Amino acid sequence: MENADGDQTIIATSTAHVSEGRNAGTWYSVGGTGAQEGIQSRGTFYSVYTPSTGQIVTTVEGEVTLME
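Residues numbered from 1 in each chain as written. Predicted model: local features only at pLDDT ≥ 70, side-chain atom pairs only at ≥ 80, totals over all residues. Heavy atoms only, no water.

A.B. asks: I tried to follow the pairing of strand β2 (residues 22–32) on my own but got confused; where do I start?
C.D. replies: Looking at chain direction, strand β1 (residues 9–19) and β2 are connected through 10 bridges and run antiparallel. In the sheet register, Thr13 faces β2, and the bridge partner there is Trp27. In textbook terms, the turn of a hairpin is the stretch between consecutive antiparallel strands, and for β1 and β2 this stretch comprises 2 residues, one of which, Gly21, has a positive phi near 80°. Taken together, the 7 bridges between β2 and strand β3 (residues 40–50) define a ladder with antiparallel strand orientation. For Tyr28, the partnering residue across the bridge sits in β3 and is Arg42. (Pairing = 2+ DSSP bridges. Helix = DSSP H or I, 4+ residues; strand = E, 2+ residues; numbered from the N terminus.)

A.B. asks: How should the sheet that holds β1 be read in this particular structure?
C.D. replies: Think of a sheet as strands paired side by side through backbone hydrogen bonds, with each pair either parallel or antiparallel. Taken together, the 4 strands give an open sheet; going across it, the order is β1-β2-β3-β4, and neighbouring strands pair in antiparallel fashion. Lying at the two open borders of the sheet, with one neighbouring strand each, are β1 and β4 (55–65). Between one strand axis and the next, the sheet turns through 20° on average, direction left out of account. (Axes fitted to C-alpha atoms, helices over the stretch in contact; angles between N-to-C directions.)

These values are about where atoms sit, not about what they do.
Next up, the structure:
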């Protein structure tokens, strides 16, 4: 992930297939550059794919702490 200034956050994910067209998992930060250096974050996500429309909707929850 990158902010408008070009600072980046590196995210790792773990994903599991829940059922046809549905996935869930966890995410967490593993590093960052610039203003994102020292970031601490983690959370969960859930994705649903609708074949008839080609749409994927992902709900993401979590918490982020930026170092000052």
